[in-house]
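# Descriptive analysis of the structure
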Amino acid sequence: HSFVYLNGIQSDYNVIATNNEGLGDLWIGRPHHNGHWVDSWIKEVKVFKTALSESEVMQYASKFLSDVGVENQVVQVDFSQPNAISNTHYTLHNGARILPAPNGQFKALRIGSDGPYALIPGVNIGPSAMPECTLMIGLYLENIANNYGWVFGHEHSGYDRTILLHDSRFGKGVASAVGKTWSPWS
């Protein structure tokens, strides 16, 4: 079953996922196709090779902006420390830049238009490679700039594993792509 968490709070509903295999790489800021970008400042992304429990998500959400390692974590990129040796290898594309965030407290990956993104090559989160997984992202949403705000995942086609910040096909608010449309919030 798939849940969505926002600031550590579990969604009202869950769904049984039917994801496709997706791409063998992870993208951050937008998927490979146009019009699905998120106008945001992205501080950090993480992937775990297990489905974290509600208590683990709550506990981890309170520590999310720290460098605390967690068992079963397979990806960590902290854009506030772009040269940290703990970062998983990533590349910036189409003019993506790491800039001081608006509050000046840390650096972040700035996605301000349709085009720029970051890529983590060679990480397969498809169901055959990872039957269960947890995706996490820490970001500041600048504004809702389009109809399809897909921010982190391995989307190829058919709603592969992805975090969606806004997409009217998935109800209101944050959702996850699980192979079909659904609404996690009442």
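Read on for an overview of the structure. (Residues numbered from 1 in each chain as written. Predicted model: local features only at pLDDT ≥ 70, side-chain atom pairs only at ≥ 80, totals over all residues. Heavy atoms only, no water.)

With that settled, consider the overall build of the protein chain. A tally of regular secondary structure across the protein chain gives 1 helix and 13 strands. Taken from N to C terminus, the helices and strands of the protein chain fall in the order β-β-β-β-α-β-β-β-β-β-β-β-β-β. For 186 residues, the compact-globule estimate of 2.2 N^0.38 gives 16 Å, and the protein chain sits close to it at 15 Å. For the protein chain, the spread of C-alpha atoms along the principal axes amounts to about 40 × 35 × 30 Å. Counting only residues that meet the buried cut, the protein chain has 45% of its 186 residues in that class. Summarising the internal contacts of the protein chain: among those between residues at least 6 apart in sequence, 64% fall at separations of at least 24. Total accessible area on the protein chain stands at roughly 8800 Å², and carbon and sulfur atoms take up 51% of it. (Helix = DSSP H or I, 4+ residues; strand = E, 2+ residues; numbered from the N terminus. Rg over C-alpha atoms; globule rule 2.2 N^0.38 Å. Buried < 20%, exposed > 50% of the residue type's maximum accessible area, 1.4 Å probe, protein only. Contact = heavy atoms within 4.5 Å. Areas by Shrake-Rupley, 256 points an atom, 1.4 Å probe, with all protein chains shown as cover.)

Tallied over the full model, the rule gives 5 aromatic pairs. Consider the rings of Trp-150 and Phe-170, whose centres lie 6.5 Å apart with planes at 85°: the pair is edge-to-face. Taken together, the positions of Trp-150 in strand S11 (residues 148-153) and Phe-170 in the loop between strand S12 (162-167) and strand S13 (175-177) put the pair 20 residues apart, joining distant regions of the chain. Accessibility classification places Trp-150 together with Phe-170 in one group, the buried group. Grouped by ring-pair contacts, the aromatic residues Trp-150, Tyr-159 and Phe-170 constitute a single cluster. (Phe/Tyr/Trp six-rings, centres within 6.5 Å; stacked < 30°, edge-to-face > 60°.)

Here we come to the pairing of strand S8 (residues 107-111). Buried residues dominate S8, accounting for 4 of its 5 residues. When strand S4 (residues 39-48) meets S8, the two strands line up antiparallel, connected through 3 bridges. Bridge pairing links Ser-40 to Ile-111 in S8. In sequence, strand S7 (residues 97-100) turns back onto S8 through a hairpin of 6 residues, with Gly-104 there showing a positive phi of about 75°. (Pairing = 2+ DSSP bridges.)

Glancing now at the side chain of Asn-146. Along the chain, the position of Asn-146 falls in the loop between strand S10 (134-143) and S11. Overall, Asn-146 belongs to the buried group, its relative accessible area being 16%. From its side chain, Asn-146 meets the backbone oxygen of Trp-37 in a polar contact 2.8 Å long. In terms of polar contacts, Asn-146 uses its side chain to reach the backbone amide nitrogen of Tyr-148, at 2.9 Å. Residues in contact with Asn-146, not counting those within four places in the same chain, are Gly-35, His-36, Trp-37 and His-166. (Polar contact = N/O pair within 3.5 Å; in protein donor to acceptor, adjacent residues only side chain to side chain.)

A separate point is the sheet that holds strand S6 (residues 91-93). Overall, antiparallel pairing links the 6 strands, which are arranged S6-S9-S3-S11-S12-S13 in an open sheet. With one partner strand each, in any of the chains shown, S6 and S13 form the two edges of the open sheet. Across this sheet, the average inter-strand angle for adjacent strands is 35°, counted without regard to direction. Pairing of S11 with S12 involves 5 bridges; the strand directions are antiparallel. In the strand pairing of S12, Trp-150 is matched with Leu-164. (Axes fitted to C-alpha atoms, helices over the stretch in contact; angles between N-to-C directions.)

Scanning the entire structure with this criterion turns up 6 salt bridges. Asp-39 is the salt-bridge partner of Arg-110, the closest N and O atoms lying 2.7 Å from each other. Of this pair, Arg-110 sits in strand S8 while Asp-39 sits in strand S4; the two residues are 71 residues apart in sequence, bridging distant segments of the chain. Of the two residues, Arg-110 and Asp-39, both sit in the buried class. Bridged by salt links that share partners, the residues Lys-43, Glu-44, Lys-46 and Asp-78 form one connected network. (Salt bridge = Lys/Arg side-chain N within 4 Å of Asp/Glu carboxyl O.)

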